[in-house]
Amino acid sequence: MQMQAVDGEVHADLTLDGRMEGAPGLAHGGAIAAALDDLFGGVLVLLETPAVTARLNVEYRLPVPLHTPLHLVARCTATEGRKLHMAGTMSAGEAIVAEASAMFVRVEIAHFEASGVPVPDAWRSWGGAARG
Ligand SMILES: CCCCCCCC/C=C\CCCCCCCC(=O)SCCNC(=O)CCNC(=O)[C@H](O)C(C)(C)COP(=O)(O)OP(=O)(O)OC[C@H]1O[C@@H](n2cnc3c(N)ncnc32)[C@H](O)[C@@H]1OP(=O)(O)O
């Protein structure tokens, strides 16, 4: 998913296809949640903060059709120690089809390095969990 930073928010355009089908012709709720969670990952890049999803809440407002352009927007609404609160929307045209809120928790880069797969070099200059 291609993301763009606009005025402190992260925007993305996405069209879901048959691989993301739930009910016939409609997007699977898990795909909608994954897209919004991924977008919150983009907010972390904007903030240069390594963190992970601790809690994700999705409100499914309308069925999401496949093969239809969707617009997603996310931002960080508050920080509280290691906790980052996120909010985002997915829209089809003028209609908001899903809204998400999430709590991320800042971690050290070592959290990701534990997988054994190298992290991007840029992440090493970011502030980790110790940052206030
Ligand atoms: C991931 C990318 C990051 C870098 C950015 C690059 C972006 C690149 C762009 C795009 C790439 C794609 C990026 C995708 C993005 C999606 C993100 C994911 O999918 S992340 C995978 C799913 N999430 C996990 O795997 C977490 C698993 N959980 C943990 O590792 C731990 O539980 C962790 C770190 C969340 C907390 O563990 P503790 O031991 O470090 O800290 P404790 O003391 O337990 O919690 C700290 C505070 O948070 C609260 N807390 C923790 N979990 C909570 C929960 N589930 N609900 C409510 N509060 C919770 C606690 O009560 C505590 O609060 P008090 O400080 O006491 O006030």
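Only a predicted model underlies this, so the values are computations on that prediction, with no experimental measurement involved. (Residues numbered from 1 in each chain as written. Predicted model: local features only at pLDDT ≥ 70, side-chain atom pairs only at ≥ 80, totals over all residues. Heavy atoms only, no water.)

Caption draft 1: Structural context of the pattern of salt bridges. Within this structure, the stated rule accounts for five salt bridges. Residue Glu113 is joined to Arg124 by a salt bridge in which the shortest nitrogen-to-oxygen separation is 2.7 Å. Of this pair, Glu113 sits in helix 2 (residues 110-113) while Arg124 sits in the segment after helix 2, and the two are 11 residues apart along the sequence. Note on Arg124: relative accessible area 47%, which makes it partly exposed. Look at the salt bridges and you will find they share partners, linking Glu59, Arg61 and Glu99 into a network. (Salt bridge = Lys/Arg side-chain N within 4 Å of Asp/Glu carboxyl O. Helix = DSSP H or I, 4+ residues; strand = E, 2+ residues; numbered from the N terminus. Buried < 20%, exposed > 50% of the residue type's maximum accessible area, 1.4 Å probe, protein only.)

Caption draft 2: Structural context of the site of the ligand. Contacts to the ligand come from 20 residues, most closely from Thr53, Ala54, Arg82, Lys83 and Trp123. Within the side chain of Asp37, one N or O atom sits 3.3 Å away from an oxygen atom of the ligand. Within the contact set of the ligand, an oxygen atom lies 2.9 Å away from a side-chain nitrogen or oxygen of Lys83. Relative to its free-state accessible area of 1300 Å², the ligand is covered by the protein chains to the extent of 50%. Contributing elements (two or more residues each) for the shell around the ligand: helix 1 (29-47), strand 3 (51-60), strand 6 (95-106) and helix 2. The residue makeup of the shell around the ligand, split by class, is 12 nonpolar, three polar and five charged. (Near = heavy atom within 4 Å. Polar contact = N/O pair within 3.5 Å; in protein donor to acceptor, adjacent residues only side chain to side chain. Areas by Shrake-Rupley, 256 points an atom, 1.4 Å probe, with all protein chains shown as cover. Nonpolar A, V, L, I, M, F, W, Y, C, P; charged D, E, K, R; others polar.)

Caption draft 3: Seen up close, the side chain of Thr49. For Thr49, the location among the structural elements is in the loop between helix 1 and strand 3. In this structure the side chain of Thr49 is engaged in a polar contact, spanning 3.0 Å, whose partner is the backbone oxygen of Leu47.

Caption draft 4: Region of interest: the UniProt feature "domain: Thioesterase" (unreviewed entry) in the protein chain. The feature "domain: Thioesterase" (unreviewed entry), as given by UniProt, occupies residues 25-92 in the numbering adopted here. The span residues 25-92 is 28% helical and 47% strand by assignment, and the distance between its end C-alpha atoms comes to 15 Å. (UniProt positions renumbered as here; feature names shortened; annotations may be inferred.)

Caption draft 5: Up close: the sheet that holds strand 1 (residues 3-6). Taken in spatial order, the six strands of this open sheet run 1-2-4-5-6-3, and their pairing is antiparallel. Whereas interior strands pair on both sides, the edge strands pair on one side only; in this sheet they are strand 1 and strand 3. Here the strands of the sheet are splayed against their neighbours by 25 degrees on average, with no regard to which way each runs. The pairing of strand 3 with strand 6 spans nine bridges and is classified as antiparallel. Bridging across to strand 6, Thr53 finds its partner in Phe104. (Pairing = 2+ DSSP bridges. Axes fitted to C-alpha atoms, helices over the stretch in contact; angles between N-to-C directions.)

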